[in-house]
Amino acid sequence: MSALQFIVEMMLLLASVGFIIGLRMLGSPTSARMGNAIGALGMLVAVIMSFVLARPSSEYAGLLVAILLGSLVGIYAARKVEMTAMPQLVAAFNGVGGAASVLVAVCEMMRLAQSPSLEVSPIFICTAWFSAVVGAVTFTGSMCAYGKLEGWISSRAVLFCGQRIVSGLIFLSLLAGLLLMFQEPLNTNLFWTITIVSAIFGVLLVLPIGGADMPVVISLLNSYSGLAAMAAGFVVDSKLLIIAGALVGASGIILTRLMCTAMNRSLMNVVFGAFGSSVIAQQNADEKPLREFTSMDAAMLLHDASRVIFVPGYGLAVSQAQHNIRDLANALKESGVDIRYAVHPVAGRMPGHMNVLLAEADIPYEELKDLEEVNGEFENTDVAVIIGANDVVNPSARSDKSSPLYGMPILNADKARSVIVLKRGRGTGFAGVENPLFSLERSGVVFGDAKKSLSAILNDLKHL
Ligand code: NDP
């Protein structure tokens, strides 16, 4: 090994260590920024080393163009994307990660195919097949998830007759493709066919998953993108890609497990659960009337309360009302009210969505209570204030077997003595079902954008 190669290997090892430390630090809100910076530094080192390794140097031009294009898209996306569209961005990033792994495997396959007499190892065949299959599934599956989150495709489970059989046959044909690859390892037409069939498989895997199960799908696709990258690392013999891919794959699996626990679902139930269920979940035809509260009604209830729990949800992110909750909470705290924030693990549209928003408004982390911690406290709470949350407080998840939310642990906001709901109209939550909590006798709805409603309530509170 030459001195240069040794230095490059050491730098790549350092970059991998940077990824691991960065990932570890992302686990706490206090160290997350630094963790992000360390991970990014590791990536910079990896990119520079790729230049050093590029042979021949004519590859520089291609590398530079790719970096320029990728950076432009990355900077544009990071600056322009709305906080509420972040999950779609994550889905898109997972997807392009999967597509990149497919392209790496395809390019390597095409390069090797130029010397047909070349012997390729079984490991190469298996990992090339794996990166094509998982990468293509990740790409189209993520695009499908993007469409569901963006509202282009129904967010419910989309099913057609015989879906399970079609998916099973496709899976078997992909296994047959692997066997054929052992006979003709460098047949690029076969490789392209496997890739295209996998792309169709990705759509069929994600379409039947819908409603409240989407967080699990997104974290699962995140894990897939890492596994595909890891396999691509074996294909091009890049230790860094293997390590980085394994890290993404493993952390995605851990997140998927956490999401499954949060939804009280097994992974099998999420992935195959929708098969055989009715195509469209039952619509609640009997819309019950909602009691309307003015901001003054809400302010008076809060004024007389001694314990209040705020329940933030996706609507908080839409209206960017995190600073307004903090202001209202501070005003109540000054009058001696005990304040907590109940954070459901799948509230919003991405894991940790509410934690990020509330941290942005400098809300003390110790006031944020997760589901298990806070659920027993609602019974002794005077007012639960629901800010743009819906599915995560839907009591039919506990009792209505026909509800797509059935079985998902929810925040027991309906057990509070009074409930104030802030929402714009009669919109349903992500799962598309009515919420009986909103029409309870002890509930009242302040209609309007959450940010405006919160500042109106604060204003009225000051006059009491
Ligand atoms: P929901 O999506 O269930 O409900 C959001 C509520 O906010 C709606 O009732 C809507 O009613 C209201 N709303 C929207 N905009 C505003 C606004 N500007 N001001 C006030 N209210 C507003 O949110 P939850 O957080 O309760 O639940 C999250 C759902 O998303 C779950 O089903 C979860 O499974 C799913 N999901 C979660 C992901 C994650 O990783 N966390 C990823 C993908 C999906 P109205 O229109 O009447 O205002």
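Not measured: the values here are computed from a predicted model.

1. Some words on the nonpolar core
By size, the foremost hydrophobic cluster in this structure holds 81 residues, and its most contacted members are Phe310 and Phe378. Shared between two domains, this core takes at least three residues from each, and those domains are domain 2 (87-278) and domain 3 (295-462). In this structure, Phe310 is in contact with Ile325, Leu328, Ala329, Leu332, Ile339, Arg340, Tyr341, Ala342, Val385 and Ile387, ignoring residues within four places of it in sequence. Grouped together as the second largest cluster of nonpolar side chains are 26 residues, Val102, Ala132, Ile170 and Phe201 included.

2. Some details on the layout of surface pockets
In this structure, the second largest pocket spans a volume of roughly 740 Å³. Contributing to the lining of the second largest pocket are 43 residues, with Tyr314, Arg349, Gly388, Gly429 and Phe430 lying nearest its centre. Among the secondary structure elements, those contributing two or more residues to the lining of the second largest pocket are helix H8 (214-235), helix H12 (314-319) and strand E5 (418-423). The element best represented in the lining of the second largest pocket is H12, accounting for 4 residues. Among the residues forming the lining of the second largest pocket, the class breakdown is 21 nonpolar, 16 polar and 6 charged.

3. Observations concerning the site of the ligand
The ligand sits among 32 residues. The nearest are Arg349, Asn390, Asp391, Arg424 and Asp449. Side-chain polar atom of Arg349 to an oxygen atom of the ligand: 2.9 Å apart, as the coordinates give it. With respect to the ligand, the backbone of Val392 contributes an N or O atom lying 3.3 Å from an oxygen atom. When residues of the shell around the ligand are assigned to their parent elements, the largest contribution, 4 residues, is made by H12. Split into classes, the residues belonging to the shell around the ligand amount to 15 nonpolar, 11 polar and 6 charged.

4. Some points on the domain arrangement of the protein chain
Here the protein chain is partitioned into domain 1 (1-80), domain 2 (87-278) and domain 3 (295-462). Spacing between the C-alpha centres of domain 1 and domain 3 amounts to 41 Å.

5. A word on unusual backbone geometry
We note that Asn264 has phi near 55°; this positive angle belongs to a residue other than glycine. Within the secondary structure, Asn264 is located in the loop between helix H9 (239-263) and helix H10 (267-272). What makes Asn264 exposed here is its relative accessible area of 53%. Even without glycine at this site, Gln320 takes up a positive phi of about 55°. Relative to the assigned elements, Gln320 resides in the loop between H12 and helix H13 (322-334). Judged by relative accessible area, which is 27%, Gln320 ranks as partly exposed.

6. Points about the side chain of Gln163
Considering the arrangement of structural elements, one finds Gln163 in helix H6 (residues 163-183). For Gln163, a relative accessible area of 2% gives the class buried. Only 2.9 Å separates the side chain of Gln163 from the backbone nitrogen of Phe160, close enough to count as a polar contact.

7. Let's talk about the packing of helix H4 (residues 86-113) against H8
Running from N to C, H4 and H8 cross one another at 20°; their axes reach a closest spacing of 9 Å. The pairing of H4 with H8 is recorded here as roughly parallel in orientation. When the axes of H4 and H8 are compared, the crossing they make is left-handed. Contacts between H4 and H8 involve Val90, Asn94, Gly98, Ser101, Val104, Ala105 and Glu108 on the former and, on the latter, Ile218, Leu221, Asn222, Ser225, Ala228, Ala229, Ala232 and Val235.

8. What about helix H14 (residues 353-360)?
When we look at burial in H14, the residues that qualify are His353, Met354, Leu357 and Leu358. Considered in projection along H14, the buried side chains sweep an arc of 115° and stay on one side of the axis. Its buried side turned inward, H14 meets strand E1 (307-312), H12, H13, strand E2 (338-343) and strand E3 (368-370). Note on H14: the residue one or two positions beyond its end, Asp362, has a positive phi of about 60°.

9. Some words on the sheet that holds E1
Across the sheet, 6 strands lie side by side as E3-E2-E1-E4-E5-E6; this open sheet has parallel pairing. On the outer flanks of this sheet lie E3 and strand E6 (443-447), each paired with one strand and no other. Across the sheet, the axes of successive neighbouring strands diverge by a mean angle of 25°, strand direction being ignored. In this structure, strand E4 (residues 383-387) lies alongside E5, joined through 5 bridges in parallel fashion. Directly across from Ile386, in E5, lies its bridge partner Val421. Against the sheet, helix H11 (residues 295-303) engages E1, E4, E5 and E6, with an angle of about 140° to E5. Packed onto the sheet, helix H17 (residues 450-462) meets E4, E5 and E6 and runs at close to 130° relative to E5.

Procedures and definitions
Residues numbered from 1 in each chain as written. Predicted model: local features only at pLDDT ≥ 70, side-chain atom pairs only at ≥ 80, totals over all residues. Heavy atoms only, no water. Core = buried A, V, L, I, M, F, W, Y, C linked by side-chain atoms within 4.5 Å. Buried < 20%, exposed > 50% of the residue type's maximum accessible area, 1.4 Å probe, protein only. Domains from an automatic or database assignment. Contact = heavy atoms within 4.5 Å. 1 Å grid on protein atoms, 1.4 Å probe; cavity = no way out; pocket = protein on both sides within 12 Å on 5 of 7 lines; lining within 4 Å. Points joined across faces, edges and corners; volume = space filled by probe spheres on them. Helix = DSSP H or I, 4+ residues; strand = E, 2+ residues; numbered from the N terminus. Nonpolar A, V, L, I, M, F, W, Y, C, P; charged D, E, K, R; others polar. Near = heavy atom within 4 Å. Polar contact = N/O pair within 3.5 Å; in protein donor to acceptor, adjacent residues only side chain to side chain. Axes fitted to C-alpha atoms, helices over the stretch in contact; angles between N-to-C directions. Parallel < 35°, antiparallel > 145°, perpendicular 65-115°, else oblique. Left-handed = near helix turned anticlockwise from the far one by under 90°. Arc of directions from axis to C-beta. Pairing = 2+ DSSP bridges.

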